Amino acid sequence: MTADRILLPDPPDLTERVFSALEEKAALPVASMIVLGMLAGAYVGLGGMFATVALAGAEALPFGIGQVIAGMVFTAGLALVLIAGAELFTGNTLMVGPVAAGRLPLDTALRALAIVYAANFAGSVLLACAVFFAGVHEAGDGAIGRAALDIGATKLAKSSAATLVSGVLANMLVCLAVWMAYGAETVTGKIAGLALPIAAFVAAGLEHSVANMFLLPSALLVQTTMDAAPLSAAAAAGNLTLSTIGNIIGGGLVAIAYGSVHGMTRR
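Quick notes on the rules
- Residues numbered from 1 in each chain as written.
- Predicted model: local features only at pLDDT ≥ 70, side-chain atom pairs only at ≥ 80, totals over all residues.
- Heavy atoms only, no water.
- Helix = DSSP H or I, 4+ residues; strand = E, 2+ residues; numbered from the N terminus.
- Rg over C-alpha atoms; globule rule 2.2 N^0.38 Å.
- Contact = heavy atoms within 4.5 Å.
- Salt bridge = Lys/Arg side-chain N within 4 Å of Asp/Glu carboxyl O.
- Buried < 20%, exposed > 50% of the residue type's maximum accessible area, 1.4 Å probe, protein only.
- Phe/Tyr/Trp six-rings, centres within 6.5 Å; stacked < 30°, edge-to-face > 60°.
- Expected span 1.5 Å × (residues − 1).
- Polar contact = N/O pair within 3.5 Å; in protein donor to acceptor, adjacent residues only side chain to side chain.
- Axes fitted to C-alpha atoms, helices over the stretch in contact; angles between N-to-C directions.
- Parallel < 35°, antiparallel > 145°, perpendicular 65-115°, else oblique.
- Left-handed = near helix turned anticlockwise from the far one by under 90°.
- Nonpolar A, V, L, I, M, F, W, Y, C, P; charged D, E, K, R; others polar.
- Patch = residues over 30% accessible without salt bridge, like charges linked within 9 Å, V, L, I, M, F, W, Y side chains within 5 Å.
- Areas by Shrake-Rupley, 256 points an atom, 1.4 Å probe, with all protein chains shown as cover.

Colleague: In this structure, what is going on with the overall build of the protein? I would like to understand it.
Modeller: Secondary structure assignment for the protein yields 11 helices and 0 strands. Listing each helix as α and each strand as β along the protein from the N terminus yields α-α-α-α-α-α-α-α-α-α-α. At 18 Å, the protein has a C-alpha radius of gyration in line with the 18 Å of a compact globule built from 267 residues. Overall, the C-alpha framework of the protein stretches about 60 × 40 × 35 Å when taken along its three principal axes. Nonlocal contacts in the protein, meaning residues at least 24 apart in sequence, comprise 86% of its contacts between residues at least 6 apart.

If you want it as structure tokens, here you go:
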């Protein structure tokens, strides 16, 4: 069957496909969750690195244009997660749906989410260290380093309420990107499905906890080599806490909304 003859699943069938996949994810062995979680943290971090490079020197462009470009290249991170295969905490918050449907025990979902979250953090920080020691921040006469610092400073300047709500919106878009990618059968289709929602959250500067696990440590590392207003590790931890809570709410809203409309039991 050729790609143009593949039929997309209707919304109820897509909901079932996503919920079934989430149940399988929650049942993975711990070792697999750790390895795949670290890969996902690194993959999203690579998207963050790409976006930082795109923003280096982007002050010459209108603000929105530079942000959209950064958003489009950041999609490489989620494309790697979904196509190469990895476990991403923010997408996995959709487990709230099968939990609410009585299809997945709450303790099983919480265990899976906690393991993957920790693994995402480890993979992200390891990548941030690797990128720093590779000297990526020095390229363009330090333009990439300055872009990394600007990203970190902008994130940490937000109020607590703004960070929380931004986290909700960010993960609604990320989970919708995952949802649409599950509806595609080809690599091209999956990338097309995820690209615009991911570009939207990055362009708007919303708070994605796993992306921030790379971007904030990167900024903290770069500031040790440049004169800049100091960024606080405590403020970074606060950002991660609030963005994580917001991400859980955002992913849960998407999953419960579709589950309630299209049936909360296995089809």
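After that view of the structure, there is still more to cover.
Colleague: Looking at this structure, I do not really get the pattern of salt bridges. What am I missing?
Modeller: Pairing between side chains of opposite charge can happen when the charged atoms of each approach one another. Under the definition given, this model contains 6 salt bridges. Measuring nitrogen to oxygen at the nearest pair gives 3.2 Å for the salt bridge that ties Glu185 to Arg17. Of this pair, Glu185 sits in the loop between helix H8 (160-182) and helix H9 (187-203) while Arg17 sits in helix H1 (residues 11-26), and the two are 168 residues apart along the sequence. With a relative accessible area of 45%, Glu185 lands in the partly exposed category. Using a relative accessible area of 30% as the deciding quantity, one classes Arg17 as partly exposed. Salt bridges sharing common partners tie together Glu16, Glu23 and Arg103.

Colleague: Can you walk me through the packing of aromatic side chains in this structure?
Modeller: The relation between two aromatic rings is expressed through the spacing of the ring centres and the mutual angle of the planes. Within this structure, the stated rule accounts for 5 aromatic pairs. Both rings, one in Phe89 and one in Tyr117, keep their centres 4.8 Å apart while their planes meet at 80°; by these two values the pair is edge-to-face. Taken together, the positions of Phe89 in helix H4 (residues 89-92) and Tyr117 in helix H6 (residues 106-133) put the pair 28 residues apart, joining distant regions of the chain. On the numbers, 4.9 Å between centres and 25° between planes, the contact of Trp179 with Tyr258 is stacked. Separated by 79 residues along the polypeptide, Trp179 in helix H8 and Tyr258 in helix H11 (residues 233-262) bring together distant segments of the chain. Among the aromatic side chains, those forming a connected cluster through ring pairs are Phe19, Trp179 and Tyr258.

Colleague: What am I meant to see in helix H7 (residues 139-156) here?
Modeller: Structurally, the α-helix is built with 3.6 residues per turn, so residues lying three or four positions apart point the same way. Helix length check: H7, at 18 residues, gives a terminal C-alpha distance of 24 Å against a target of 26 Å (1.5 Å per residue), a fit within 8%. Where H7 is concerned, the buried positions are Gly142, Ala143, Ile144, Gly145, Ala147, Ala148, Leu149, Ile151, Gly152 and Lys155. Along its buried surface, H7 packs onto helix H2 (30-55), helix H10 (209-222) and H11.

Colleague: Where do I start with the side chain of Thr93 in this structure?
Modeller: Within the element layout of this structure, Thr93 appears in the loop between H4 and helix H5 (96-100). One polar contact links the side chain of Thr93 to the main-chain carbonyl oxygen of Thr90, over a distance of 2.6 Å. Ignoring anything within four residues of it in the chain, the contact list for Thr93 reads Leu113, Asn171, Cys175, Asn247, Ile248, Gly251 and Gly252.

Colleague: Is there a simple way to explain the environment of Glu24 in this structure?
Modeller: Take Glu24: it is sitting in helix H1. Linking Glu24 and Leu104, residues 80 residues apart in sequence, is a C-alpha distance of 9.9 Å.

Colleague: Help me out: how do you make sense of H11 in this one?
Modeller: Between its first and last C-alpha atoms H11 spans 43 Å; for 30 residues at 1.5 Å apiece the expected length is 44 Å, and the two agree. Sitting at the amino-terminal end of H11 is Ser232, which places a side-chain oxygen 3.1 Å from the backbone nitrogen of Ala234.

Colleague: Just to check I follow, could you spell out the packing of H1 against H11 for this structure?
Modeller: In helix packing, the relevant descriptors are the interaxial angle and the interaxial distance, both defined with respect to the helix axes. The interhelical angle for the contact between H1 and H11, taken along N-to-C directions, is 125°, at an axis separation of 10 Å. For the element pair H1 / H11, the angle class is oblique. Helix-helix and strand crossings are classified by hand; for H1 and H11 the assignment is left-handed. Residue-level inspection shows Pro11, Pro12, Thr15 and Phe19 of H1 in contact with H11, the latter providing Ala255, Tyr258, Gly259 and His262.

Colleague: For this particular structure, what's the right way to read the environment of Ala101?
Modeller: Looking at the element boundaries, Ala101 is found in the loop between H5 and H6. Separated by 159 residues in the primary sequence, Ala101 and Ser260 have C-alpha atoms spaced 8.5 Å apart.

Colleague: Please explain the packing of H10 against H11 as it appears in this structure.
Modeller: Interaxial distance between H10 and H11 falls to 10 Å at its minimum, and their mutual angle equals 170°. With respect to H11, the axis of H10 lies roughly antiparallel. Residues Ser209, Asn212, Met213, Leu216 and Leu220 of H10 form the contact with H11, whose participating residues are Ala233, Ala236, Asn239, Leu240, Ser243, Thr244 and Asn247. Residue classes in the contact of H10 with H11 are distributed as 6 nonpolar, 6 polar and no charged.

Colleague: In this structure, what is going on with a nonpolar patch on the surface? I would like to understand it.
Modeller: Taken together, the side chains of Leu61, Ile65 and Ile69 make up a nonpolar region of the molecular surface, amounting to roughly 240 Å² of accessible area. Within the secondary structure, Ile65 sits in helix H3 (residues 63-85). Here Ile65 falls in the partly exposed class, since its relative accessible area comes to 44%.

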